[in-house]
Amino acid sequence: MNKLQAMEVFIQVVDCGSFTKAAEMLNLPKATVSTLVQTLESALSVKLLHRTTRQVMITSDGAAYYERCVQILSDVRDAEESLSRHRLSPNGRLRVDTPTGLASEILIPALPAFFERYPDITLELGSTDRPVDLVEEGVDCAVRGGELFDTNLIARRIGVINFVTAAAPSYIERYGMPQHPRDLERHRCVNYFSAKTGKISKWDFTRDGERIEVALPGSIALNDSNAYVQAGLAGLGVIMMTDYLLAQHITAGRMVQILPEWSSDPLPVHVVYPQNRHLSAKVRVFVEWISELFAAHPNLRLQAPRPALPIAETEAETV
């Protein structure tokens, strides 16, 4: 017995609710369809279907087996696709999750080139600073910033994010220019809090071996990177945000960099995907494409390439 064929036949019978209709859909003799299901039941020693002269009904064991068969055949198709001609022209729905700032400033402007290269992929792009559960929420892969700890995902490091401290000219005119990180304790600061834990992020500064980490006062805290930048532009306080989000505003004079001689801890950036499934062609080409995108960006590229590691989600979200 070809068990994969028998699984496919069983799925079709359940979907059609009829051996006759399943045989027509599969272009097989009805006797062959019936024999394959019976052989499958014998091999499993369970009753998968209740048959009457008028209808076919699935048993409780059959329902459980049906779900597993659907998953198994899906994995087999993904595995075959990754090694077949479809690798050259991947197709189908691809669901990706990425932080808000990366989506708006980096990914979306570059997507025309992606679709020109892969026109048969339909992309569903989730944009949130909340870390999602890829398996539970049906996400194929995600871009995440920060250290990774969970071993349920495979991760490939694709870049690094650096931070700058800045404020609007109107804020500096009113409150003055800080000369040292400790001066910020007497200023208004815009804080960032985790959408997952509600915890407000601390600010860190390093210069010539001196490191300072502080929790700063602020009248507002946000958990969305784009909204966070807007708060800074509005003059609500000093902000610390990714350089790729602030660069255009600093160049245009809408923001002024503060404490440029001090650096903050950079965040590694990974693209992650579930490890319990074969890497499909569409996920593979997206991972390769976004790796190229980061490698070409002066503010995001790695100094040296890193291999893929079996790791996953992080609590860090400010990217």
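Everything in this summary refers to the structure shown in the same document.

Analysis parameters
- Residues numbered from 1 in each chain as written.
- Predicted model: local features only at pLDDT ≥ 70, side-chain atom pairs only at ≥ 80, totals over all residues.
- Heavy atoms only, no water.
- Buried < 20%, exposed > 50% of the residue type's maximum accessible area, 1.4 Å probe, protein only.
- Helix = DSSP H or I, 4+ residues; strand = E, 2+ residues; numbered from the N terminus.
- Pairing = 2+ DSSP bridges.
- Axes fitted to C-alpha atoms, helices over the stretch in contact; angles between N-to-C directions.
- Contact = heavy atoms within 4.5 Å.
- Parallel < 35°, antiparallel > 145°, perpendicular 65-115°, else oblique.
- Left-handed = near helix turned anticlockwise from the far one by under 90°.
- Phe/Tyr/Trp six-rings, centres within 6.5 Å; stacked < 30°, edge-to-face > 60°.
- Expected span 1.5 Å × (residues − 1).
- Bend = angle between axes of the 7 residues up to and from the residue.

Looking now at the pairing of strand β5 (residues 141–145). On a regular strand, each side chain points to the face opposite its neighbour's, so the side chains alternate between the two faces of the sheet. Extensive coverage of β5 is indicated by the burial of five of its five residues. Burial along β5 is two-sided: the residues Cys141, Val143 and Gly145 and Ala142 and Arg144 are all buried. Here strand β3 (residues 92–98) runs beside β5; their pairing, made up of two bridges, is parallel. Directly across from Asp97, in β5, lies its bridge partner Ala142. As judged from the four bridges shared by β5 and strand β14 (residues 267–274), these two strands associate in the antiparallel manner. Each bridged residue has a counterpart across the sheet, and for Ala142 the counterpart in β14 is Val272.

Spatially, three strands are ordered β12-β7-β13 in an open sheet, and the strand pairing comes out antiparallel. At either end of the open sheet lies a strand with only one pairing partner, and these are β12 (239–242) and β13 (256–258). Neighbour-to-neighbour, the strand axes of the sheet open up by a mean angle of 50°, direction not taken into account. Pairing of strand β7 (residues 163–167) with β12, which is carried by four bridges, proceeds in the antiparallel orientation. Its bridge partner lying in β12, Ala166 is registered against Ile239. The sheet contacts of helix α8 (residues 243–251) involve β7, β12 and β13, and relative to β12 the element is tilted by about 110°.

In this section: the packing of helix α7 (residues 225–233) against α8. Look at α7 against α8: their axes get within 11 Å of each other, and the N-to-C directions meet at 30°. The angle between α7 and α8 falls in the class roughly parallel. In this structure, α7 crosses over α8, and the sense of that crossing is right-handed. Contacts between α7 and α8 involve Ser225, Asn226, Val229 and Leu233 from the first element and Leu245, Leu246 and His249 from the second.

Our focus in this paragraph is the pairing of strand β6 (residues 153–161). Counting buried positions along β6 yields eight of nine residues, so the element is predominantly enclosed. Inspection of the sheet shows β6 paired to β14 by eight bridges, in the antiparallel sense. Pairing of Arg156 across the sheet is with Val271, part of β14.

This part is about the packing of aromatic side chains. Within this structure, the stated rule accounts for nine aromatic pairs. Ring geometry for Phe10 versus Tyr66: centroids 6.5 Å apart, planes at 70°, classification edge-to-face. Note that Phe10 is positioned in helix α1 (residues 3–16) and Tyr66 in helix α4 (residues 60–83), a separation of 56 residues in sequence. Pairwise contacts between aromatic rings join Phe114, Phe115, Tyr118, Phe286 and Trp289 into one cluster.

Moving on, we come to the sheet that holds β5. Taken in spatial order, the five strands make up an open sheet running β4-β3-β5-β14-β6, and their pairing is mixed. Lying at the two open borders of the sheet, with one neighbouring strand each, are β4 (121–127) and β6. When strand polarity is set aside, the average angle formed by the axes of neighbouring strands in this sheet is 20°. Here seven bridges tie β3 to β4, and the two strands are oriented parallel to one another. Across the sheet, Arg95 pairs through a bridge with Glu124, a residue of β4.

Let us look at helix α5 (residues 100–117). Over its 18 residues, α5 runs 24 Å from end to end, which matches the ideal 26 Å to within 8%, given 1.5 Å per residue. When the local axis directions of α5 are compared, the greatest deviation, roughly 45°, occurs at Leu107, which is followed within four positions by the proline Pro109. The set of residues buried in α5 consists of Thr100, Gly101, Leu102, Ala103, Ile106, Leu107, Ala110, Leu111 and Phe114. On its buried face, α5 sits against β3, β4, β5, α7, α8 and α9 (281–295).

You will see that Ser45, though not glycine, has its phi angle at about 60°, which is positive. Here Ser45 falls in the exposed class, since its relative accessible area comes to 65%. Positive phi outside glycine occurs at Asp208, with the angle close to 50°. Judged by its relative accessible area of 80%, Asp208 is exposed.

Without other data, these values stay purely geometric and don't point to any function.
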